[in-house]
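A look at the structure
So the chains spell out like this:
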Amino acid sequence: MNANIKTIALVGLALLGSYAAQSQQRLKLDSILSVIRQNNPMLQEYRYKAQALNEISKGAKSWMAPMVGVGTFMTPYPGQMVMDERDKGSIMISAEQSIPNPAKLRANQQLLSSKASIEEAAGSFTFNELRSQAKTSFYEWLVLEKKLSILRENQEIIKLMHNIAKARYPYNQSPLGNSFKAEGRLYEVENMIFMTENEIIQKNIALNALMNLPKDYRFSIDTTAHAFEPVELVLDTATLAERRSDIRQINNTIQSMKYAVKLESYQAKPDFRIRYNHMAPLGQMMPSAYTIEGMVSIPITPWSSKMYKANVRGMNLQIEAMRRGREAILNEAQGMAAGMAWEIQTTRKQLDNYEQKIIPALERNYETVMLAYEENREELPFVIDAYEALIMAQTQYLDTMRRYYQMIVSYEKQLEK
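Predicted model only: the values in this text are computed from it and were never measured.

Cut-offs used in this document
- Residues numbered from 1 in each chain as written.
- Predicted model: local features only at pLDDT ≥ 70, side-chain atom pairs only at ≥ 80, totals over all residues.
- Heavy atoms only, no water.
- Helix = DSSP H or I, 4+ residues; strand = E, 2+ residues; numbered from the N terminus.
- Buried < 20%, exposed > 50% of the residue type's maximum accessible area, 1.4 Å probe, protein only.
- Contact = heavy atoms within 4.5 Å.
- Areas by Shrake-Rupley, 256 points an atom, 1.4 Å probe, with all protein chains shown as cover.
- pLDDT = per-residue confidence, 0-100.
- Core = buried A, V, L, I, M, F, W, Y, C linked by side-chain atoms within 4.5 Å.
- Patch = residues over 30% accessible without salt bridge, like charges linked within 9 Å, V, L, I, M, F, W, Y side chains within 5 Å.
- Salt bridge = Lys/Arg side-chain N within 4 Å of Asp/Glu carboxyl O.
- Pairing = 2+ DSSP bridges.
- Axes fitted to C-alpha atoms, helices over the stretch in contact; angles between N-to-C directions.
- Parallel < 35°, antiparallel > 145°, perpendicular 65-115°, else oblique.
- Nonpolar A, V, L, I, M, F, W, Y, C, P; charged D, E, K, R; others polar.

**What to know about the overall build of the protein chain**
- Helix and strand content of the protein chain: nine helices and six strands.
- In the protein chain, which comprises 417 residues, the share counted as buried stands at 36%.
- Residue pairs in contact within the protein chain that sit at least 24 positions apart in sequence constitute 78% of those at least 6 positions apart.
- Entry remark: accessible area of the protein chain is about 24300 Å², with carbon and sulfur atoms responsible for 56%.

Set out below in structure tokens:
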């Protein structure tokens, strides 16, 4: 267990820098994705599978081991009368070697090699899934950090309201209820801060699991604004086919099936076998003898050709089915990507509206009411109403931002970006 943790730490050390100051460690999304690619056990599994198939394919051209044997040849049963030395039989030593058709060996090697590319594409597909999960957790964490910052600012604002209400109460300039109302709002904000901090820890743990790091490892993320490339409104299926690993996996599977068809069709080609027998006679004055025998299979006979011909027809139909499935996936992905692109653009406009119009207007409204309250020209309930209107807008803005990031992640997942 300790050795595994040490190995994990060394990988993280190479990619992310020193773990010495965990509380100060600030990770970017690219660094997190790099650790996931190198360290995630699911991805390592696919890499080992591909390596295993590559190793197996190296022995695809090997021949079967030769067969050797020893026995008797034309030896009479015990108790029978032997009239001639020649009737005593011989001791026979045999050697036999099967010689496979070279075309079959080449086709078998191509088939095994092609299976490694299927596993590699499957690994890419899995990484796309894990990358999507990591991006979702990362961007949700980013939104939570913004929410935490806003809550802490609001906490200071409510503390100010509370202090003003307490200071005015002894002079009958503010009712006691205003002080309690502000105090209640202050505790509500504290609870929201606790909840937000807990959600941040949950995202930290989720990313640790994806990176295969200890679950109690704590770090912060780079909250620098992320600029996304403009979304493509129209994507042709050829572009999607180049980008998506599930399509590459289908293409590699089809190619592997073609090699399997080729190998199966080569069953019509003959195989060869050679046998050598050496006889050492048991009787005197008899010469040693030998036989050499060459054999060839005849696979084109009707009773032996039915099986491989049927297999070829069946595999060709499977290939055609996979082609139709690939076409369906591409059509669905094209429609989903186009719909996401329009929705992303609309949501971006909503965010701009919040940032440039709604929140600034409500901030000015709150500042105006707060200034009047500080000058004792306004009551605390009106200040709290203006504050809650601002908080509601900020909350809606963060919810819209979370939805925007989720759509970006889903869109990039479709395009494997």
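**Some remarks on the confidence of the model for the protein chain**
- Overall, the prediction assigns the protein chain a mean pLDDT of 84, with 88% of residues at 70 or greater.
- Segment residues 1-24: pLDDT under 50, and 24 contacts once partners within four positions in sequence are set aside and those in other chains are kept.

**Quick notes on the nonpolar core**
- If you look at the biggest cluster of nonpolar residues, it comprises 67 residues, and the most contacted ones within it are I36, F219 and Y411.
- Looking at this core, the elements with two or more residues in it are α2 (29-39), α4 (102-168), α5 (176-211), α8 (302-374) and α9 (380-415).
- Ranked by the residues each element gives to this core, the list is headed by α9, at 18 residues.
- A107, I250, A260 and M315 belong to the second largest nonpolar core, which has eleven residues in total.

**Here we look at a nonpolar patch on the surface**
- Together, V70, I91, I93 and L282 make up an exposed nonpolar region whose accessible area comes to about 360 Å².
- Inspection of the secondary structure puts L282 in the loop between β5 (272-281) and β6 (289-296).
- Among the residues examined, L282 registers a relative accessible area of 44% and is labelled partly exposed.

**Brief notes about the sheet that holds β6**
- Taken together, four strands build an open sheet; the order of strands is β2-β3-β5-β6 and the sheet is antiparallel. The outermost strands of the open sheet, each flanked by one partner alone, are β2 (67-73) and β6. Each neighbouring strand pair of the sheet contributes to a mean axis angle of 20°, computed without reference to strand direction.
- In terms of strand pairing, strand β3 (residues 90-99) meets β5 through ten bridges, oriented antiparallel. Considered in β5, the bridge of I93 is made with H278.

**Section: the packing of α2 against helix α3 (residues 41-57)**
- At a minimum axis separation of 6 Å, α2 and α3 run at an interaxial angle of 45°. Classified by the angle their axes make, α2 and α3 are oblique. Two secondary-structure elements touch here, α2 through I36, R37, Q38 and N39 and α3 through P41, L43, Q44 and R47.
- Here the residues of the contact of α2 with α3 sort into three nonpolar, three polar and two charged.

**Regarding unusual backbone geometry**
- Although it is not a glycine, M74 sits at a positive phi angle of roughly 55°.
- Along the chain, M74 falls in the loop between β2 and β3.
- On the accessibility criterion, M74 (66% relative accessible area) is exposed.
- Residue N212 is not a glycine yet carries a positive backbone phi of 60°.
- Locating N212 in the fold gives a position in the loop between α5 and β4 (220-221).
- Under the relative-accessibility criterion, N212 is labelled partly exposed at 23%.

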